[in-house]
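This is what each chain is made of:
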Amino acid sequence: VQRLFQIFFHQILCTFHLRAEEFRWEYANGQWAHVWGYNGQIPGPEIRVTEGDKVRVIVQNNLPQGTSVHWHGIDVPWTEDGVPGLSQDPIQPNEEFIYEFVAKPAGTRMYHSHGKSHTTVTQQLDMGLSGPFIIEPRNPQLEYDREFTLLLDEWNVRPDGVNDSLSQTHPSYNLFTINGRVFPDTAPLTIERNEKVLVRFINAGTSAFHPMHLHGHQFEVAARDGNALPLAAREILNTVTVHPGETADILITANNPGPWL
């Protein structure tokens, strides 16, 4: 009976650890920036669960100021929403906070800092405190062979690597990254001919609109803000614009071989 309980318990409780900290990040080959992030990487580690799973996230704050974590697009109880001054006190430096909620609804979501107060949300986001949160449906409807998650962001980095996001109220963004890297040092998406590919776009930035254009192919927009679109509402496009805080899922049939931008 005890063993059955343990198996059942682990099926419904998924535990993750996020460590908010400052470090240097190589956004292009040989080029570094001072950033804040989770677990020493930009973007933060992907959290992936199944709809209905119980999620526990243990957050350790190693930053020099208070912080919080908001579960963007996830329907959590208000006490777990991660808004300092409203649903919780900020997590102070060297303190730990535990979030618990049920993962719903299914879709492409994200997590990010909500600052130490409402005045520092943008600053902490611009320092790099965000990551993907994927909730897979309990009963999948989409069929595909391979998938990729691309988190888009913008930065205000000086030539010496100093990130000016903390010191400027209205930063001038000069770097734009996909999964923490600047083109042409971004990782290529290598796929096989005729594969059906799901690409999840997440705009974790605070200001820039990102028109994501695919060369040599058309694609089908399958979800917006993580919410699946019915077949009748899906568009066939080659460019989809992802606004700050938005996500978009696209389906590509790789039927035109070649090195495409």
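Preceding this section is the structure that the text describes.
Everything in this summary refers to the structure shown in the same document. Everything quoted here is computed from the prediction, not taken from an experiment.

## Observations regarding the packing of aromatic side chains
Within the structure shown, the criterion is met by seven aromatic pairs. With a centroid separation of 6.1 Å and an interplanar angle of 40°, the aromatic rings of Phe-101 and Phe-133 are classed as tilted. Here Phe-101 is found in strand S6 (residues 96-102), whereas its partner Phe-133 is found in strand S8 (residues 130-136), with 32 residues between them in sequence. Relative accessible area serves as the criterion here: at 3%, Phe-101 is assigned to the buried category. An aromatic cluster of three or more residues is present, and its members are Tyr-38, Trp-71, Phe-97, Tyr-99, Phe-101, Tyr-111 and Phe-133.

## A closer look at the sheet that holds S8
Across the sheet, four strands lie side by side as S3-S8-S7-S5; this open sheet has mixed pairing. Strands with a single pairing partner mark the edges of an open sheet, and in this sheet they are strand S3 (47-50) and strand S5 (70-72). Across the sheet, the mean angle separating the axes of adjacent strands is 25° when strand polarity is ignored. Across six bridges, strand S7 (residues 107-112) lies against S8 in antiparallel orientation. In the strand pairing of S8, Tyr-111 is matched with Gly-131.

## Things to note about the sheet that holds strand S2 (residues 31-38)
Spatially, S2-S1-S4-S6 is the arrangement adopted by the four strands of the open sheet, whose pairing is mixed. Strands at the two margins of the open sheet, each flanked by one partner only, are S2 and S6. Across this sheet, the average inter-strand angle for adjacent strands is 25°, counted without regard to direction. Looking at chain direction, strand S4 (residues 54-61) and S6 are connected through seven bridges and run antiparallel. Directly across from Val-59, in S6, lies its bridge partner Phe-97.

## Digging into the environment of Pro-105
As for its placement among the helices and strands, Pro-105 is situated in the loop between S6 and S7. Looking at Pro-105, the relative accessible area reads 23%, which means it is partly exposed. Along the sequence, Pro-105 and Asn-227 sit 122 residues apart, while their C-alpha atoms lie 8.0 Å from each other.

## Re the pairing of strand S12 (residues 210-213)
Burial along S12 is one-sided: His-210 and Met-212 are buried, and none of Pro-211 and His-213, which face the opposite way, are. Here four bridges tie S12 to strand S16 (residues 239-242), and the two strands are oriented antiparallel to one another. For Pro-211, the partnering residue across the bridge sits in S16 and is Thr-241.

## Considering unusual backbone geometry
Of note, the amide linkage connecting Ile-42 to Pro-43 takes the cis form, showing an omega dihedral of -10°. As for its position among the elements, Pro-43 is in the loop between S2 and S3. The omega angle of the peptide bond from Lys-104 to Pro-105 is -5°, so this bond is cis rather than trans. Its identity is not glycine, yet Asn-94 carries a phi of approximately 70°, on the positive side. Classification of Asn-94 as exposed rests on a relative accessible area of 64%. At Asn-179, a residue that is not glycine, the phi angle is positive and equals roughly 50°. Among the structural elements, Asn-179 can be located in the loop between strand S10 (175-178) and strand S11 (196-203).

Rules used in this analysis
Residues numbered from 1 in each chain as written. Predicted model: local features only at pLDDT ≥ 70, side-chain atom pairs only at ≥ 80, totals over all residues. Heavy atoms only, no water. Phe/Tyr/Trp six-rings, centres within 6.5 Å; stacked < 30°, edge-to-face > 60°. Helix = DSSP H or I, 4+ residues; strand = E, 2+ residues; numbered from the N terminus. Buried < 20%, exposed > 50% of the residue type's maximum accessible area, 1.4 Å probe, protein only. Pairing = 2+ DSSP bridges. Axes fitted to C-alpha atoms, helices over the stretch in contact; angles between N-to-C directions.

Bear in mind that shape data such as this cannot, by itself, settle questions of function.
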